[in-house]
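# Architecture at a glance
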Amino acid sequence: MARALYIHWPFCLKKCPYCDFNSHVRDEVDHAAWQRALIADMRHEAALAGGEPLASIFFGGGTPSLMPPALVDGLLAEAERLWGFADDVEITLEANPSSVEAAAFGDLARAGVNRVSLGLQALDDAALRFLGRLHDVAEGLDALAVAQRHFARVSFDLIYARPNQSVAAWERELERALGFGTGHLSLYQLTIEPNTRFATDVRQGRFDPLDDDPAAELFEVTRALTANAGLPAYEISNHARPNEQSRHNLAYWRYQDCCGIGPGAHGRRGGAATMRHRKPENWLSAVVEHGHGLREETSLSPSTAASEALLMGLRLAEGVPLAEIATRFGIEPARLIDPQRREMLAQLGFIRDEGERLAVTPRGMPVLDAILGELVHPELVAA
Ligand SMILES: C[S@@+](CC[C@H](N)C(=O)[O-])C[C@H]1O[C@@H](n2cnc3c(N)ncnc32)[C@H](O)[C@@H]1O
Ligand code: SF4
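Residues numbered from 1 in each chain as written. Chains lettered and ligands numbered in written order. Predicted model: local features only at pLDDT ≥ 70, side-chain atom pairs only at ≥ 80, totals over all residues. Heavy atoms only, no water.

### So, the site of ligand 1
Around ligand 1, the surrounding shell holds 17 residues, and the nearest of these are G62, Q121, R133, D157 and T191. Here N96 contributes a side-chain N or O atom positioned 3.0 Å from an oxygen atom of ligand 1. Contact between ligand 1 and D157: an oxygen atom at 2.5 Å from a side-chain N or O atom of the residue. Burial of ligand 1 by the surrounding chains reaches 92%, relative to a free accessible area of 560 Å². Only β4 (115–121), β5 (153–160) and β6 (184–189) provide two or more residues apiece to the shell around ligand 1. Looking at the shell around ligand 1 residue by residue, the classes come out as five nonpolar, eight polar and four charged. (Near = heavy atom within 4 Å. Polar contact = N/O pair within 3.5 Å; in protein donor to acceptor, adjacent residues only side chain to side chain. Areas by Shrake-Rupley, 256 points an atom, 1.4 Å probe, with all protein chains shown as cover. Helix = DSSP H or I, 4+ residues; strand = E, 2+ residues; numbered from the N terminus. Nonpolar A, V, L, I, M, F, W, Y, C, P; charged D, E, K, R; others polar.)

In structure tokens form, the structure reads like this:
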């Protein structure tokens, strides 16, 4: 039974050069056909994982703020009919901060969206041009102001550790960002993803990514400034005031079941991993043909599921409930986490070992990937 629903909208006005998400530019989208198909895909999941009211819905993308509000309204009405909503259901939509999209915020709020995650990406016009964004700072901040008028909860994304970005410049940018008073911020270090335009640019010497040391310094500054402002990191890239965390993403990091519908959406349902057809056209024809967009459903062995739970949960400041995971998947704690490495990493101050619960410390977070590689038992990962 899932209490979280993810809906993927795969279309964007332009492909950003850093982005490897399942996002596509199309001249025309048949909204009526997409509404029918998303509803069919949703019904298929609800039949398999219904029964409990939804605590969260997340429209991710792509650019879900390009969805007509009536389409969002139709999907939410169907989700409520199929699952019912918990009293305080969190309904988030990812939005790009253009004036056209901001004009639809009022209607999206009336459709039931109560939280928006806005892709501001930078508060510097030259950086926005470098990132290939269609908005400038002024337009982005106007959209933020409109969002704050319409939605009780607003978050925005910034990408830092950009080429040549200095500590002082990032401090100024982040201080300004914190000044807007949102309860949540997602602050991502720029990653050069394979098969993106930025990967080609770097290969061809058009720019150099920031080195690891300055990037680590920016990470420290980020943690310090956000904590001072009352929005400490609760996940490696996510910061929130108390009770303002994204409940949907928390469900995912805490390894709770989540239905994922729409192109390329992943889900976890009763010990199985679900994956939808990735390319929009393939997903749409699959739904028309079979009534759902599922491409693969893989039953996960207890050790694979346990290692996923550890890899996800250790991104969180609260860490993982080891004893609970051991019981849930029927695996001894010593097989979950390598005892020797656990002791060594605790002595080095990279992890906080509270017996039943284990967490990566602020000191360990900058080298999280290396720690995960050391910590999660090799037999478990190989299983
Ligand atoms: C699904 S994406 C985008 C949502 C929305 N379409 C937008 O662009 O504003 C979610 C976020 O991931 C971040 N992101 C995507 N690719 C990234 C990369 N290569 N490095 C760092 N952050 C990235 C961006 O901040 C982006 O807003
Ligand atoms: S960053 Fe957002 S707008 Fe840009 S291509 Fe990716 S999903 Fe689309």
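### Considering the pairing of strand β15 (residues 357–360)
Where strand β13 (residues 320–321) lies against β15, two bridges are found, and the strand directions are antiparallel. Each residue of the ladder has a partner; that of P321, found in β15, is R357. In this structure, strand β14 (residues 351–353) lies alongside β15, joined through three bridges in antiparallel fashion. Of the residues in β15, the one forming a bridge with I351 is V360. (Pairing = 2+ DSSP bridges.)

### Some remarks on the packing of helix α1 (residues 31–49) against helix α2 (residues 69–83)
For any two helices packed against each other, the geometry is given by the interaxial angle and the distance between the axes. The geometry of α1 relative to α2 is characterised by a closest axis approach of 10 Å and an angle of 20° between their N-to-C directions. Taken together, α1 and α2 sit at an angle that is classed as roughly parallel. Our pair here, α1 against α2, has a crossing hand that is right-handed. Facing α1, whose interface residues are H31, Q35, L38, I39, M42, R43, E45, A46 and A49, α2 presents A70, L71, G74, L75, E78, A79, R81, L82 and W83. Class assignment for the residues of the contact of α1 with α2 results in eleven nonpolar, three polar and four charged. (Axes fitted to C-alpha atoms, helices over the stretch in contact; angles between N-to-C directions. Parallel < 35°, antiparallel > 145°, perpendicular 65-115°, else oblique. Left-handed = near helix turned anticlockwise from the far one by under 90°. Contact = heavy atoms within 4.5 Å.)

### Things to note about helix α16 (residues 368–375)
If you check which residues of α16 are buried, you get L368, I371, L372 and L375. The buried residues of α16 occupy one face: seen down the axis, they fall within an arc of 100°. Residues of α16 that are exposed and point over 90 degrees away from its buried face: D369, A370 and G373. For α16, the elements touching its buried residues are α12 (302–313), α14 (333–336), α15 (339–347), β14 and β15. (Buried < 20%, exposed > 50% of the residue type's maximum accessible area, 1.4 Å probe, protein only. Arc of directions from axis to C-beta.)

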